[in-house]
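# Structural overview
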Amino acid sequence: MKKNILVIGGSQGIGFSLINLLKNDYNLFVVSRTVQQLSTDDITHIQFDVLNEDLETELLPESLDGFVYCPGSINLKPFKMMSLDTIEKDMQINFFAMVRLLKGVFSKLSNGSSLVFFSTVAVVSGMPYHTSVAAAKGALEGFVKSFAAEHAPKIRANVIAPSLVDTPLSSRLLSSDKKRAQVAERHPLKKIGSPNDIAAMAKFLLGEESKWITGQVIGVDGGLSTLNIN
Ligand SMILES: NC(=O)c1ccc[n+]([C@@H]2O[C@H](COP(=O)([O-])OP(=O)(O)OC[C@H]3O[C@@H](n4cnc5c(N)ncnc54)[C@H](OP(=O)(O)O)[C@@H]3O)[C@@H](O)[C@H]2O)c1
């Protein structure tokens, strides 16, 4: 029987790539505000804003074997221009909304289920202008490690920490050939991440082949967080 995976935010970006990688092998339940590029033939789509509502769990199957939380933000500004409002909003979308959803579906998580979350390379490597997103994703990383410890061996939970990936979320940072070339050049592997680069790791973490991996923060970042080649 196919396993059930809930993907929060699968209408575009990394989540959308993940849906395409998973759709033949799993029953997919996808939550997002819009459908965007998503074809609803192969999946169950639930229209929902994670910031405003509690998810109606009657729309979900009795048990879930996977949970993926994609919504996030990239608000980069010097600290003196970073408003408290921005920091609070980043905390809401990256952290509190995720915790609320996870609480909502917690009783459905099966024995052997796998949870996947997204952080950023800017938590492990301090980067200028990243105070808000690094704080919000840092909270997420700490939460996931503790959650993984508390729920092993029944539930596995891991975090993927990407560098810049070519998705709608990062479009302002990659809006010209010059910016794209500069971003690619900063990475030891000399390229910008593709949504598939990240989705492939998420697929691995959801599946049986990663069954001895939990509580990890895995960099998928073109080598940026660990290699200094300059
Ligand atoms: N792209 C990057 O460069 C990058 C780098 C490091 C980390 N990350 C992290 O990776 C994750 C995925 O990023 P991405 O680039 O794929 O993002 P994205 O292109 O913005 O896609 C986000 C997905 O989440 C959904 N979503 C956003 N807000 C929502 C809300 N309020 N309620 C329900 N669904 C919502 C969106 O669907 P709707 O708009 O249809 O609701 C969309 O399907 C994020 O957590 C991000 O912080 C990304």
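## Overview of the site of the ligand
- Surveying the vicinity of the ligand reveals 30 residues, the closest of which are Ile14, Arg33, Thr34, Val165 and Thr167.
- The separation between an oxygen atom of the ligand and a polar side-chain atom of Arg33 is 2.8 Å.
- Between Val50 and the ligand, the recorded distance is 2.9 Å, taken from a backbone N or O atom to a nitrogen atom.
- Isolated, the ligand exposes 890 Å² of accessible area, and the fraction of that covered by the protein chains is 95%.
- Taking a 2 Å distance to the grid points as the criterion, the majority of the atoms of the ligand fall inside the largest pocket.
- When its residues are assigned to classes, the shell around the ligand shows 14 nonpolar, 13 polar and three charged.

## Concerning the packing of helix H2 (residues 84-105) against helix H4 (residues 131-151)
- Running from N to C, H2 and H4 point in directions that differ by 20°, and their axes come no closer than 7 Å. Accordingly, the angle class assigned to the pair H2 and H4 is roughly parallel. Our pair here, H2 against H4, has a crossing hand that is right-handed. The segment H2 lies against H4, with Thr86, Ile87, Asp90, Met91, Asn94, Phe95, Met98, Val99 and Leu102 engaging Ser132, Val133, Ala135, Ala136, Lys137, Ala139, Leu140, Phe143 and Phe147.

## Notes on the side chain of Ser170
- Topologically, Ser170 is positioned in the loop between strand S6 (155-162) and helix H5 (177-186).
- The exposure class assigned to Ser170 is buried, which follows from its relative accessible area of 1%.
- Ser170 has contacts with Ile74, Leu164 and Val165, leaving out every residue within four places of it along the chain.

## Focus on the pairing of strand S5 (residues 109-118)
- Counting buried residues in S5 gives eight out of 10 residues, a clear majority hidden from the surface.
- Two strands pair when backbone bridges link them, and strand S4 (residues 64-69) and S5 are joined in this way by five bridges, in the parallel orientation. Looking at S5, one finds that Val68 is bridged to Val116.
- Sheet topology places S5 next to S6; six bridges connect them, and they run parallel. Residue pairing for S6: Phe118 is matched across the bridge by Ile160.

## Some thoughts on the confidence of the model for the chain
- On average, residues of the chain carry a pLDDT of 96, and 100% of them reach 70 or more.
- Averaged pLDDT values for the elements of the chain fall to 94 in strand S3 (residues 44-47) and rise to 99 in S6.

## Observations regarding the layout of surface pockets
- Space inside the largest pocket adds up to approximately 1,100 Å³.
- Along its surface, the largest pocket is lined by 43 residues, and Gly72, Ser73, Ile74, Thr167 and Leu169 are the ones closest to its centre.
- Of all the elements in the fold, those that place two or more residues in the lining of the largest pocket are helix H1 (13-22), strand S2 (26-32), H4 and H5.
- By residue number, the principal contributor to the lining of the largest pocket is H1, which donates three residues.
- Of the residues contributing to the lining of the largest pocket, the split by class is 23 nonpolar, 16 polar and four charged.

## Digging into the packing of aromatic side chains
- Under the counting rule described, the total for this entry stands at five aromatic pairs.
- Note on Phe67 and Phe117: the rings are 6.0 Å apart at their centroids and 50° apart in plane angle, and the pair reads as tilted. Separated by 50 residues along the polypeptide, Phe67 in strand S4 and Phe117 in strand S5 bring together distant segments of the chain.
- The structure contains a cluster of three or more aromatic residues connected by ring pairs, namely Phe95, Phe96, Phe106, Phe143 and Phe147.

## Thoughts on the packing of H1 against helix H6 (residues 195-206)
- One way to put it is that H1 packs onto H6 with a least axis distance of 8 Å and a crossing angle of 55°. By the angle between their directions, the pair H1 and H6 is classed as oblique. Like other packed secondary-structure pairs, H1 and H6 cross with a definite hand, here right-handed. In this structure, H1 uses Gly13, Ile14, Ser17, Leu18, Leu21 and Leu22 to contact H6, whose residues at the interface are Pro195, Asn196, Ile198, Ala199, Ala200, Ala202, Lys203 and Leu206.
- Taken together, the residues that form the contact of H1 with H6 break down as 10 nonpolar, three polar and one charged.

The rules behind these values
- Per-chain numbering applies: the sequence of each chain, read as written, is numbered from 1 onward.
- Note on the predicted model: pLDDT of at least 70 is required for a residue's local features to be given, and 80 or more for side-chain atom pairs to be given and counted; whole-chain, interface and lining totals, by contrast, use all residues.
- Only hydrogens and water are set aside when side-chain values are computed; all heavy atoms of the structure are taken into account.
- Only heavy atoms are used to decide nearness, and a residue is near a molecule or strand if one of them lies within 4 Å of it.
- Whenever two N or O atoms come within 3.5 Å, that pair is a polar contact, provided that in protein one can donate a hydrogen and the other can accept it, and provided that, for residues adjacent in sequence, both atoms are side-chain atoms.
- Exposure was quantified through the Shrake-Rupley algorithm and a 1.4 Å probe, taking into account, for residues, occlusion by the shown protein chains and nothing else.
- Here a cavity denotes grid points, spaced 1 Å and computed from the protein atoms alone, that fit a 1.4 Å probe unable to get out, and a pocket denotes an open set having protein on both sides within 12 Å along at least 5 of 7 lines; residues with an atom within 4 Å of a point are the lining.
- What decides whether a molecule sits in a cavity or pocket is whether more than half of its atoms lie within 2 Å of the grid points.
- Under the scheme applied, nonpolar residues are Ala, Val, Leu, Ile, Met, Phe, Trp, Tyr, Cys and Pro; charged residues are Asp, Glu, Lys and Arg; polar residues are all the others, including Gly.
- In this analysis an axis means a line fitted to C-alpha atoms, helices contributing only their contacting stretch, and an angle means the value between N-to-C directions, from 0 to 180 degrees.
- Each helix is a run of DSSP H or I of at least 4 residues and each strand a run of E of at least 2, with the numbering of both proceeding from the N terminus.
- For classification purposes, an angle smaller than 35 degrees is called roughly parallel, one larger than 145 roughly antiparallel, one from 65 to 115 roughly perpendicular, and anything else oblique.
- Handedness of a crossing is defined here by the sense of rotation of the near helix relative to the far one, left-handed for an anticlockwise turn of less than a right angle and right-handed for a clockwise turn.
- Working rule for contacts: check all heavy atoms of both residues, and any pair within 4.5 Å makes them a contact.
- A simple rule labels every residue: compare its accessible area, found with a 1.4 Å probe on the protein chains alone, to the largest value its type can have, and call it buried under 20%, exposed over 50%, or partly exposed in between.
- We treat two strands as partners when DSSP finds at least two bridges between them.
- You can read pLDDT as the predictor saying how much it trusts each residue, on a scale of 0 to 100.
- Grid points are joined across faces, edges and corners, and a volume is the space filled by probe spheres set on the points.
- Centre distance within 6.5 Å is the pairing criterion for rings of Phe, Tyr and Trp, where only the six-membered ring of Trp is used; planes under 30 degrees apart are then read as stacked, over 60 as edge-to-face, and the remainder as tilted.

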